[in-house]
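Residues per chain are reported as follows:
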Amino acid sequence: MQLPNTLRKFQLKSTPCRTEVLQLFFDNDHALSNAFIEKNISSSFDRVTVYRTLKSFEEKGLIHKVLDDNGITKYALCQDCSTHHHHHEHVHFKCETCGQTTCIESVDIPEVKLPKGYKVKERNLLIQGVCEQCI
Ligand SMILES: [Zn+2]
Ligand SMILES: [Zn+2]
Ligand SMILES: [Zn+2]
C-alpha cells in the first residue's frame, strides 16, 4: 500500500499529521496506543490534532479500536474496511512478554448467545499469552 494513495482511497485529504500517523501504522504490525503514536511523530502535532487524525481514520474504515487488557485503547489497521463496511469480528492477541497487541484476522470471535433483552453493539475478544516472536 502506498501512503498518498491510501489517504486518497479513503477520501482523506493528505495532511502532515495524517501522513506521519499512517506511516507509523504501516511500519508496525501491532496495534498502536495513543502514547506510542504521540511519542513517535513530530512533536509539532498537539494531542488534539492526533486525536482528530485517529478519529477520521476510524470513521473512514482505515483503522479500528483494539481494547487492551488494562483499559487502554489501541488502534490497528483494517484489512478490508470502508466507511460503510467497518466490521470486526476477529480475535486480538496480547503478548505478555513484548506487550504488543495484534489482530488475528484469521480467527473469528465465536458466537455467543446472550439472554433475552440484551442487544449486542460491539464484540471484543482479547486473548493473552506469548506471541510467535517471543516463544
Ligand atoms: Zn475496519
Ligand atoms: Zn511477544
Ligand atoms: Zn483487529
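Please refer to the structure higher up on the page.
The shown structure was predicted, so the numbers you read here are calculated from the model rather than taken from an experiment.

Q: Mind showing me how you'd approach the coordination of the zinc ion (ligand 1) here?
A: Each angle at a metal carrying four tetrahedral donors should ideally be 109.5 degrees, and each at a metal carrying six octahedral donors should ideally be 90 or 180 degrees. In this structure, C78 (SG), C81 (SG), H86 (ND1) and H88 (NE2) serve as the protein donors to the zinc ion (ligand 1), at separations of 2.1 to 2.3 Å. Classification of the site at the zinc ion (ligand 1) rests on its four donor atoms, whose angles at the metal span 104 to 121 degrees, yielding the label tetrahedral. If you list the donors of the zinc ion (ligand 1) from N- to C-terminus, the spacing comes out as C-x2-C-x4-H-x1-H. Of this pair, C78 sits in the loop between β3 (73-77) and β4 (90-95) while H88 sits in the loop between β3 and β4, and the two are 10 residues apart along the sequence.

Q: In this structure, what is going on with the coordination of the zinc ion (ligand 3)? I would like to understand it.
A: Binding of the zinc ion (ligand 3) to the protein goes through H64 (NE2), H90 (NE2), H92 (NE2) and C103 (SG), at separations of 2.0 to 2.3 Å. Geometry at the zinc ion (ligand 3) is tetrahedral, judged from its four donor atoms and the angles of 101 to 114 degrees they form at the metal. Spacing between the donor residues of the zinc ion (ligand 3) along their common chain follows H-x25-H-x1-H-x10-C. Residue H64 is found in strand β2 (residues 63-67), and its partner H90 is found in strand β4; the two are separated by 26 residues along the sequence. Taken as a pair, H64 and H90 share a single burial class, namely buried.

Q: Would you mind showing me how to read the side chain of K74 here?
A: Among the secondary structure elements, K74 is positioned in strand β3. The exposure class assigned to K74 is buried, which follows from its relative accessible area of 8%. There is a polar contact of 3.4 Å between the side chain of K74 and the backbone oxygen of G99. A distance of 3.3 Å separates a polar atom in the side chain of K74 from a polar atom in the side chain of T101.

Here is what the cut-offs are and how they apply
- Residues numbered from 1 in each chain as written.
- Chains lettered and ligands numbered in written order.
- Predicted model: local features only at pLDDT ≥ 70, side-chain atom pairs only at ≥ 80, totals over all residues.
- Heavy atoms only, no water.
- Donors = N, O, S within 2.8 Å, 3.2 Å for Na, K, Ca; no water.
- Tetrahedral: all angles 85-135°; square planar, octahedral: opposite > 155°, others 65-115°.
- Helix = DSSP H or I, 4+ residues; strand = E, 2+ residues; numbered from the N terminus.
- Buried < 20%, exposed > 50% of the residue type's maximum accessible area, 1.4 Å probe, protein only.
- Polar contact = N/O pair within 3.5 Å; in protein donor to acceptor, adjacent residues only side chain to side chain.

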